[in-house]
Amino acid sequence: MSIFDYFRKSKEKQTASIAKERLQIIVAHQRTAMNQPDYIPKMQQDIVKVIKKYVDIEKDQVNVQLDTVNNCSVLELNVTLPQ
Amino acid sequence: MAKIIVVTSGKGGVGKTTSSAAIGTGLAMNNKKTVIIDFDVGLRNLDLIMGCERRVVYDFVNVISGEATLNQALIKDKRLKNLFILPASQTRDKDALTKKGVEKVLNDLSKDFDFIICDSPAGIEKGAQMALYFADEAIVVTNPEVSSVRDSDRILGILQSKSRRAENGGDPVVEHLLITRYDPERVIAGEMLSISDVEDILAIPLLGVIPESEAVLKASNQGTPVILDEKTKAGLAYSDAVMRLLGSNVDYRFITVEKKGFFKRMMGAGR
């Protein structure tokens, strides 16, 4: 590595740290998806179908998540409606 | 009772077979009677890496289907008396591996081996699931690179939910992280994920770090497990990993940049 590399590196963001940030996000996402029951994706599809009867939405505008808080399962449903 | 260890990764090409061959050989060098099983039905390669491809007569699937006995199918290593290889079938498809059949073979092997190393195929389909199902311990082989780390996390999820230990609710599978193709110079330059980056993301204990090394290709060219080449960094790093697997506390080597002497720099010799 020459002295010129040293100046160049300090300007651009190090790619390894970009990799780490991206991985932390995708892995966290992957783990929540792993832990949810198998029926969630199908239920999400059905919910989208029902809402679509009334409002024009896309699949990714509905977010379904099952969380467990102190022995109590909470189904969280987030729908972004178009304006 | 043998200890069953799966070598797995999710992603292909990260060094599962190289690591299975090296670690299995290393265990045999430490007087542990070891068998390495190739679970990659249809794409067998362990035989080539171990240098016994011309001695394959019967295979794992033949044993499961009762066409051969275990003793007929096991290939004894020519270098080490404690080392055996059970090759995969090259002609059958992955459905030939049944849970019952695999369990029977593992139970039979368990009677007179100390270690059973299961060399998993890539992916998360049946072959990979079969390789990890009966495992007591898992060595997750990971390159310091985004797709490999992500896939390792996936396979960890499968180990924690779909292995026999997970299904029976006993002790979980003991997990080990093996980082391969590590290049400290690129880590210093900020171009490669560091050991601690990978550890942070996967959150499992480290077993070994194998440096990127020309010796690995040279070893596979000749059908010699790289661990037998005790002059190479990769070989020594595998020996260290085997000692840790056996419970020793060994310092990590080859994980920092070596200061190159004037002569080495002039000759451009790096590895």
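Fair warning: this is a prediction, and the values are worked out from it, not measured in the lab.

A short note on the interface of chain B and chain A
By a widespread convention, an interface's size corresponds to the accessible area lost as its parts come together.
Here's step 1: Taken together, the 17 residues of chain B in the interface contact 13 residues of chain A.
Here's step 2: It is Arg150, Asp153 and Ile201 of chain B in chain B that bury the most area against chain A; as a group they hold 35% of the surface buried on that side.
Here's step 3: Taken together, the links from chain B to chain A amount to 3 salt bridges.
Here's step 4: Residue arginine 31 of chain A is joined to aspartate 153 of chain B by a salt bridge in which the shortest nitrogen-to-oxygen separation is 2.6 Å.
Here's step 5: The tally of links between chain B and chain A comes to 9 residue pairs in polar contact (both at pLDDT 80 or more).
Here's step 6: When contributions to the side of chain B that touches chain A are tallied by element, the ones reaching two or more residues are helix H7 (146–162) and helix H10 (195–202) of chain B.
Here's step 7: Looking at which element gives the most residues to the side of chain B that touches chain A, the answer is H7 of chain B, with 8 residues.
Here's step 8: Of the residues that constitute the side of chain B that touches chain A, the class distribution is 8 nonpolar, 3 polar and 6 charged.

Things to note about the state of the cysteines
Here's step 1: Under the criterion given, the structure shown has 0 disulfides over all chains.
Here's step 2: Cysteine 118 of chain B forms no disulfide, and the closest cysteine sulfur to it belongs to cysteine 52 of chain B, at a distance of 16 Å.

Section: helix H12 (residues 233–245) of chain B
All names here are of chain B.
Here's step 1: Counted at 1.5 Å a residue, the expected span for H12 with its 13 residues is 18 Å, and the 18 Å between its end C-alpha atoms agrees.
Here's step 2: For H12, the set of buried residues is Ala234, Gly235, Ala237, Tyr238, Asp240, Ala241, Val242, Arg244 and Leu245.
Here's step 3: Packed against the buried residues of H12 are strand S1 (3–8), helix H1 (16–29), strand S6 (137–142), strand S7 (174–182), strand S8 (206–211) and helix H11 (214–222).

Details of the pairing of S8 of chain B
Residues and elements named next belong to chain B.
Here's step 1: The buried count for S8 comes to 6 of 6 residues, which makes it a mostly enclosed element.
Here's step 2: In this structure, S7 lies alongside S8, joined through 4 bridges in parallel fashion. Residue pairing in the sheet places tyrosine 182 in a bridge with proline 211 of S8.

Digging into the packing of aromatic side chains
Residues and elements named next belong to chain B.
Here's step 1: Enumeration according to the criterion identifies 3 aromatic pairs over all chains in this entry.
Here's step 2: Measuring from ring centre to ring centre gives 5.5 Å for phenylalanine 84 and phenylalanine 113, while their planes differ by 85°; the resulting arrangement is edge-to-face. Of this pair, phenylalanine 84 sits in strand S4 (residues 83–86) while phenylalanine 113 sits in the loop between helix H5 (99–112) and strand S5 (115–119), and the two are 29 residues apart along the sequence. With respect to class, phenylalanine 84 is no different from phenylalanine 113; both count as buried.
Here's step 3: When the ring of tyrosine 133 is compared with that of phenylalanine 134, the centres are 4.8 Å apart and the planes differ by 85°; the resulting orientation is edge-to-face. As far as burial versus exposure is concerned, tyrosine 133 and phenylalanine 134 are alike and both buried.

Rules behind the numbers
Residues numbered from 1 in each chain as written. Chains lettered and ligands numbered in written order. Predicted model: local features only at pLDDT ≥ 70, side-chain atom pairs only at ≥ 80, totals over all residues. Heavy atoms only, no water. Contact = heavy atoms within 4.5 Å. Buried area = accessible area lost by both parts, 1.4 Å probe. Salt bridge = Lys/Arg side-chain N within 4 Å of Asp/Glu carboxyl O. Polar contact = N/O pair within 3.5 Å; in protein donor to acceptor, adjacent residues only side chain to side chain. Helix = DSSP H or I, 4+ residues; strand = E, 2+ residues; numbered from the N terminus. Nonpolar A, V, L, I, M, F, W, Y, C, P; charged D, E, K, R; others polar. Disulfide = S-S within 2.5 Å. Expected span 1.5 Å × (residues − 1). Buried < 20%, exposed > 50% of the residue type's maximum accessible area, 1.4 Å probe, protein only. Pairing = 2+ DSSP bridges. Phe/Tyr/Trp six-rings, centres within 6.5 Å; stacked < 30°, edge-to-face > 60°.

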